[in-house]
Each structure stands twice: as structure tokens, then as C-alpha cells.
Amino acid sequence: MTDVSEEILLTGGRLLSARLSAGFRRTRTRRSLIDGLASRFVVAGGLLIIASILAILIVITAQVAPLFRPPTARPVAAVDLPLPSSPLAVGVDEHRQIVYLVVESAVRFASLADGRTVGEVRPDGLGDARIISVSTLGRGQFGLGLSDGRVIPVEVTFDVQFREGTRTVEPELSVQAALDVAEGEPVRHLAYTATSRGSLLAAVTGARDLTIVGIRETQALVGPSTRDIVRTRLSLPIPSEITQIVMDSRGDHAYVGWADGRVTSVDLGDPSTPKVEGSLAVTSRPEAGVSALSLLIGDRTLLVGDQEGGVTSWLILPGAPPAGLMKAHDFEGHRHRVAAVVPSRRDKGFLSLDAGGAVHVHYATTGRTLLMVSGRGDVARSISFAPKADGFVVTGPDGRLSHWALDNPHPQITLRSLFGRVLYEGYSEPTYVWQSTGATDDYEEKFSLVPLIYGTLKGTFYAMLIAVPLALMSALYTSQFMHPALKGIVKPVVEIMAALPSVILGFLAGLWLAPMIEKVVVGVFLIPLVVPLGVIPVLLLWQRLRGGGRTLRPGTEVAVLIPAVVVCVWAALRLGGAVEAGLLGGDFRTWLHQVFGVTYDQRNSLVVGIAMGFAIIPIIFTIAEDALSNVPPYLAAGSLALGATRWQTAARVVLPTASPGIFSAVMIGFGRAVGETMIVLMATGNTPVMDWSIFNGFRALSANIAVELPEAPQGGSLYRVLFLTALLLFILTFLINTAAETVRLRLRRRYQAMI
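This is a predicted model, so every value here is computed, not measured.

Colleague: Help me understand the nonpolar core, please; the structure alone is not making it clear to me.
Modeller: Most often, soluble globular proteins have nonpolar side chains that are buried together. In terms of nonpolar packing, the biggest core is built from 88 residues, with Trp434 and Phe588 touching the most fellow members. It is helix α9 (residues 605–629) that provides the largest number of residues to this core, a total of 13 residues. What Phe588 contacts, discounting residues up to four positions off in sequence, is Val521, Val522, Glu580, Tyr600 and Phe695.

Colleague: Explain the packing of aromatic side chains to me, please; I cannot follow it from the model alone.
Modeller: Describing an aromatic ring pair means giving the distance of the ring centres and the angle of the ring planes. Across all of its chains, the model carries 19 aromatic pairs by this definition. Ring centres of Tyr454 and Trp692 lie 5.0 Å apart, and the angle between their planes is 50°; on these two criteria the pair is classed as tilted. Here Trp692 lies in the loop between α12 (678–683) and α13 (701–708) and Tyr454 lies in helix α3 (residues 450–480), a separation of 238 residues in the sequence. Taking the relative accessible area as the measure of exposure, Tyr454 reaches 17% and is therefore buried. On the basis of relative accessibility, which here comes to 43%, the residue Trp692 falls in the partly exposed class. Relative to Phe695, the ring of Phe588 has its centre 5.6 Å away and its plane inclined at 65°; by these criteria the two rings are edge-to-face. A residue pair is termed long-range when its members are at least 10 positions apart, and Phe588 in helix α8 (residues 588–596) and Phe695 in the loop between α12 and α13 qualify at 107 residues.

Colleague: Looking at this structure, how should I read the sheet that holds strand β15 (residues 242–247)?
Modeller: The strands making up a sheet are joined through hydrogen bonds of the backbone, oriented either antiparallel or parallel. Spatially, 4 strands are ordered β15-β16-β17-β18 in an open sheet, and the strand pairing comes out antiparallel. The sheet is open, and its two edges are formed by β15 and β18 (275–281), each paired on a single side. Geometrically, the sheet is characterised by an average inter-axis angle of 20° between neighbouring strands, direction not taken into account. In this structure, strand β16 (residues 253–258) lies alongside strand β17 (residues 262–267), joined through 5 bridges in antiparallel fashion. Each bridged residue has a counterpart across the sheet, and for His253 the counterpart in β17 is Asp267.

Colleague: Quick question: what am I supposed to make of the pairing of strand β29 (residues 400–407) here?
Modeller: Two faces make up the sheet, and in a regular strand the side chains alternate between them. Along β29, 6 of the 8 residues are buried, which leaves the element largely enclosed by surrounding structure. Sheet topology note: the strand β1 (residues 72–80)/β29 ladder contains 8 bridges and is antiparallel. Each residue of the ladder has a partner; that of Ala78, found in β29, is Ser402. In this structure, strand β28 (residues 391–395) lies alongside β29, joined through 5 bridges in antiparallel fashion. Across the sheet, residue Val393 finds its bridge partner in β29, namely His403. Taking the residues that link successive antiparallel strands as the turn, the β28-β29 hairpin has 4 residues, and the phi of Gly399 there is positive, at about 90°.

What counts and how
- Residues numbered from 1 in each chain as written.
- Predicted model: local features only at pLDDT ≥ 70, side-chain atom pairs only at ≥ 80, totals over all residues.
- Heavy atoms only, no water.
- Core = buried A, V, L, I, M, F, W, Y, C linked by side-chain atoms within 4.5 Å.
- Buried < 20%, exposed > 50% of the residue type's maximum accessible area, 1.4 Å probe, protein only.
- Helix = DSSP H or I, 4+ residues; strand = E, 2+ residues; numbered from the N terminus.
- Contact = heavy atoms within 4.5 Å.
- Phe/Tyr/Trp six-rings, centres within 6.5 Å; stacked < 30°, edge-to-face > 60°.
- Pairing = 2+ DSSP bridges.
- Axes fitted to C-alpha atoms, helices over the stretch in contact; angles between N-to-C directions.

Here it is in C-alpha cells:
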């Protein structure tokens with residue numbers, strides 16, 4: 001019986017053990033399956049995040065890459081035109097369908113596709129005279145200089161229509177009455193412009209003789225209009241021969257080129273009394289005479305080509321001696337004499353043509369020659385830049401015409417124009433400027449990113465200057481000294497601060513904080529001095545009360561310190577008003593400008609530092625406090641047991657041990673400040689100035705994207721530069737995070753032995 005019972009017990013034990021083992025195996029299998037799925041899910045999530053970041057990077061890079069694509073020129077057609085004489089000038093419509101050529105006896109229109117003549121107009125009043133000179137084309141009206149001393153103003157227009165889905169371009173030539181300039185003397189060179197005040201022309205009728213003709217038409221309220229003509233002859237005191245002349249579109253100045261390499265500036269403000277402002281040598285040698293002159297769109301840059309193939313640009317700076325010109329750039333030279341320089345009607349680009357037919361594509365702002373197109377080696381006569389700057393036409397003396405398509409969408413973008421100093425029109429020296437738009441169509445785009453990078457770092461610096469000390473000291477006090485009951489209240493309140501939208505903080509900073517700071521700015525700067533001086537006596541009184549046996553629990557001193565700090569801040573602001581009234585003449589802004597030459601902007605870096613510091617304090621505080629609280633308690637207990645004070649323990653044991661986490665907190669706050677948009681957008685003047693003054697505003701990279709992107713044409717230079725700005729922010733954040741992680745790991749390895 002006993003043996004049977006033992007057998008039953010053994011069998012039951014084996015069955016129970018088998019069941020338990022099977023249950024453990026099933027649990028282990030289920031747990032392994034769950035762990036495997038969770039591991040794969042985490043890995044998949046991480047890979048998805050990495051793929052998303054890479055996808056964003058690829059998209060941004062794809063938008064930026066075309067900025068640095070080199071320009072290209074493609075031959076479209078080459079046709080032989082049956083011309084009665086060599087063309088004096090050539091022009092083309094904006095669709096590059098019809099070309100017009102000025103010959104000795106007429107203005108002829110031809111198709112660019114096959115060279116077929118579509119019209120020819122012989123100006124009325126031409127008579128037996130010949131056309132021997134033409135003013136600059138592309139400015140609406142232009143003038144035809146005749147061999148008998150007359151000038152005929154004309155204008156070419158194009159009527160564009162769509163008929164049955166096909167675009168047709170119909171040219172038309174408007175001819176005005178001929179003007180007598182110099183009877184019997186041929187008009188060798190001619191400059192003509194039509195302004196709101198009337199028409200003005202300057203004709204070269206002798207080796208050194210200049211004839212100015214001003215035409216002013218006055219529309220009467222009743223009766224016909226009156227026409228006043230002022231004719232003045234001016235002999236220039238230069239022992240050389242005039243080779244070129246050009247006039248600005250306003251009719252204020254004319255620039256005369258000479259065979260000895262000089263340019264003379266003539267003031268035409270009053271056509272009856274023109275004034276010679278001065279002369280300047282614009283070529284490297286006197287033998288290299290001026291062979292081509294032109295003005296860029298906007299008439300603030302003079303382009304010069306010479307007999308030896310040199311091409312230069314000169315900034316027009318009124319009052320700059322001599323002749324109001326300052327050299328800007330030397331461009332890639334030609335092998336032959338420069339026959340023409342033709343500006344773009346859309347930007348600061350221009351073409352130069354040499355006598356051998358070679359064409360160079362330049363951009364005046366950057367001083368670069370972007371493209372060189374070789375000629376046939378024969379003599380070239382004239383060139384025309386298409387109105388849309390997407391092509392050009394070159395003619396030879398034999399009537400052969402070459403049509404080229406030009407792809408040059410971003411000529412103003414180079415690494416130097418983005419990150420270097422550039423000499424812009426109206427500036428006397430190279431500088432960093434961001435100005436993407438202007439009030440007129442002839443403005444010069446300025447895409448320097450340096451002021452934006454500067455502003456980003458400036459705003460981040462002031463925000464970190466305010467946030468880091470407050471956040472770290474608060475975290476240290478909360479984790480090591482504050483009573484646990486109070487800590488349970490303070491930490492959640494600070495963390496809730498991080499939930500405030502940055503747009504609300506920016507709104508409050510711009511509309512409430514900035515005007516308030518302006519009134520008490522002196523008191524704000526006294527706060528760091530007054531608060532410690534006021535808090536120290538309170539702490540000494542606290543220590544005396546504790547030493548007297550009062551029942552004041554350690555860690556509750558914050559209940560006394562907060563009111564003390566509030567009172568000290570109030571006292572500092574009141575004291576600031578007294579200091580401003582007694583020592584600064586009652587107006588801090590006026591005193592600051594008179595003594596230091598610094599202006600005070602209401603929305604400035606101080607306001608941004610306070611507002612953005614308030615935004616990043618919760619991030620730094622939370623991470624740093626967690627790092628300090630997670631230091632093993634036995635390290636602090638051991639330090640206290642060896643006789644160290646609580647402050648010594650916190651400074652020499654807890655802080656070094658938690659330094660990797662503290663550093664991470666600072667770097668995360670730094671990254672948050674670098675990428676902040678709404679606060680810097682609303683709390684600064686948003687002006688791209690480079691000044692470290694805390695009283696001036698700035699423009700950050702992120703704010704610039706928010707401001708400019710809605711107005712940027714898709715695919716344009718501004719659009720792609722803004723994507724480049726985003727790429728810079730991406731790279732900057734990546735480098736900061738990489739450096740922070742590297743330092744954090746080194747700090748962790750260094751202090752790991754203490755744990």
C-alpha cells in the first residue's frame with residue numbers, strides 16, 4: 001500500500017512538473033515572440049525615421065542643386081539674310097520669332113526661323129541721306145543718325161496674337177519727324193532717350209564735338225500742344241577722338257568714350273548748359289581705346305569694352321572723383337576688339353561681342369564670366385540680347401545671322417555671392433547684404449546668407465545667455481536642495497511652460513514685452529546686480545532663524561526666496577528709473593545714441609533673448625533636473641559621510657556625474673533656439689543687419705524662410721536660395737547634435753567609474 005501511494009505521488013509530481021515545464025516553455029516562447037516583434041518594430045521605426053530624414057534631405061538638395069548648374073548656350077539657327085548693306089544694329093522680339101535690322105536705307109524685319117523677310121520700312125524724310133549710326137536699342141524709342149546731320153526718332157513694337165492656337169508676331173515701326181542736329185555734318189555716334197520731360201539726344205558730329213538737343217512738349221488745356229527745342233553744341237577739351245557715347249534712360253548724364261582709353265561724364269540735367277564733370281582712364285593702356293559702351297539696367301553701372309578685348313564694369317557713384325565712376329570688376333577678356341556690350345533687360349547680366357564673333361556671357365554683380373561662345377573667326381557686326389535673356393542674335397557684315405538659345409536661370413548665384421563680400425551698385429566697398437526684392441524692376445538681387453547666419457547665432461547667443469544660467473541653477477537647486485513636497489509642485493509647473501506655443505510667446509514679446517522693456521531698460525540691466533545684493537541678507541536671516549532652533553524645514557527656503565526676488569526685481573526697476581532720470585538725462589535712448597552712437601530699436605535682441613529664453617528654459621531645466629536626480633544616491637551619501645557639505649557634494653560629485661545629461665540639455669536647448677521661427681519673427685525688427693548690439697534687431701535663417709517663401713516664385717532664384725537656407729539649418733542642426741553626442745559620450749566614459 002505504501003509503495004502504491006509513493007508511486008502515485010511520484011507520478012503526480014512528474015505530471016505537475018511536466019505541466020509547469022510546458023507552461024514555462026509556452027510563456028518563454030510567447031515572451032520571445034513578443035520581444036522579437038517589439039525589437040523589429042523599434043528597428044523598423046528607427047529605420048523609418050532615418051529614411052524620412054534622408055528623404056527630406058534629398059528633396060531639399062534637389063531644389064538647391066540647380067542653383068549651381070553652369071549656363072549653356074545652344075545654336076538654334078544660322079541663316080543668310082539678303083541685306084543691301086552691312087547691318088548697323090539688330091534687335092529681336094521677346095519670343096525670338098522676329099528680328100529687325102537697321103541698314104543704311106531702312107529697317108528690315110525678318111523671321112528668325114528661316115531668314116524670310118517679313119517687312120521693310122524706309123523712314124519718311126530719309127531722302128538721299130544714309131543711316132550711319134544707331135542709338136542703343138532695347139529702350140523703346142531709339143534714334144537713327146543720318147549722313148546729312150539729322151536724327152530720326154523711331155520705335156519698334158510687336159503685336160502678339162494667338163490665332164487657332166498659333167502665336168503670331170506682327171512688327172510695326174513708328175517714325176517721328178526728323179530733327180536737325182548739325183547741318184551737313186554726319187552723325188557719327190548717337191545717344192537718344194525719351195523721358196517724361198521729353199526727348200533728349202546727344203550726337204557726335206566731329207572728332208571732339210558733341211551736340212545736345214532737348215525736346216520738351218507741353219500739352220495745353222485748350223488748343224494744340226507746344227514743342228520747345230533746345231540745341232547746344234559742346235566741344236570737349238580732350239586731345240583725342242570720340243569713339244562711343246551712351247546716355248542714361250533719365251537723360252541726366254551722357255558718357256563719352258575716347259580713342260585714348262578715357263571716358264568723360266557730361267551732366268545733361270539742363271540741356272541748354274551741359275557740364276563736363278570729369279574724365280577717367282578706363283582701359284589698361286592708352287592704346288586700348290574705348291570700342292564699346294553701355295549701361296546696365298537701372299543706369300547705375302557703366303560697361304566698357306576696349307580695342308584689346310578688355311571688358312570692365314564701373315559703378316556710377318555721384319560725387320566720386322573723377323567723373324563719378326569707380327571700378328567694379330575686370331571680366332574675362334576677348335582675343336579681338338570688343339565690338340559691342342549689350343545689357344540684359346531683366347537682370348544685371350550682359351553680353352560682350354568681339355570682332356571675331358565670340359560672345360561672352362557676364363554677370364555684373366558677381367564679376368564673373370559665366371559662358372564663352374566661340375565665333376566663326378570672321379568679323380562680327382552687332383548683337384542683340386533677347387528681352388527675356390533666354391537667347392541672343394549675332395550678325396556679321398555679310399548678313400549672316402546666328403541665333404542662340406541661352407539657359408542661364410541663376411546667374412547671380414555663386415558661393416562668393418552667398419557667403420562672401422560683394423560690391424553692389426550704390427555701395428563704395430564690398431559688403432554682406434540680403435535684399436531679395438526691391439521697389440523697381442531694375443533692383444539688384446542681393447542674396448548674401450551671412451547676415452542671416454549672423455542673426456541666427458546672435459539670437460541664439462542672447463537666448464542661451466539668459467536661459468542656461470537660470471535653467472541649470474534651477475535644476476540644481478530643485479534636485480539637490482528643494483524639499484520633495486515643493487519639488488512635486490515646481491517641476492510640473494516648469495514643464496507646463498514648454499507647452500506654450502511659440503507664436504503666443506512671439507505675440508506677447510512683440511506687442512507687450514517690447515514696449516514695456518523700452519520703458520524700464522535701465523532697470524532690466526540693474527536686475528542681475530540688485531537681486532543678489534537683496535537675496536544675500538535674506539539668506540543670512542534664514543540661516544540665523546534655523547540656528548536659533550526655529551522649526552524651519554530644510555528645502556523650504558524657496559518660499560522666502562521667491563518673494564525676496566520679486567521685491568528685488570521691483571526695486572531694480574524703480575532704481576533704473578531714478579538712474580535714467582538723474583544720470584542719463586531722462587532718456588536712455590538719446591543718451592545711448594549720443595555717447596556710443598548706438599540706436600535703440602524697440603524690438604531688439606534683448607526682447608528676443610528674454611522671450612526665447614523663456615521658451616527654452618523648460619527644456620533645459622527638465623532634462624538637466626532628471627540627469628541630476630538620477631545620480632546614484634550613495635555617491636551623495638558617501639560624500640556627506642566624509643564631511644562634505646551639501647553644496648560641496650552637489651558641485652564636486654553630483655554635477656560632474658550628471659554632466660553628460662546636463663550637456664545634452666544645453667545642446668537640445670541650443671538646437672531649439674537655432675530653429676526657432678515665430679519668436680524671432682515677431683519680436684525683432686526682422687532686418688538683416690550685422691551688429692552684435694543687444695539693442696538692435698536681426699533676421700534669422702528660419703524667420704527668413706517664413707517671411708520670403710510665400711512670395712518666392714516657384715523655381716526662381718529666391719525660391720531655391722530659401723531651400724539652401726533650409727539645408728544650412730539642417731546641416732547646422734546635424735553638426736550640433738553630432739558634436740553634442742560625441743562630447744556626451746566622452747563625459748559619460750570619463751565619469752562612469754564613479755557610478
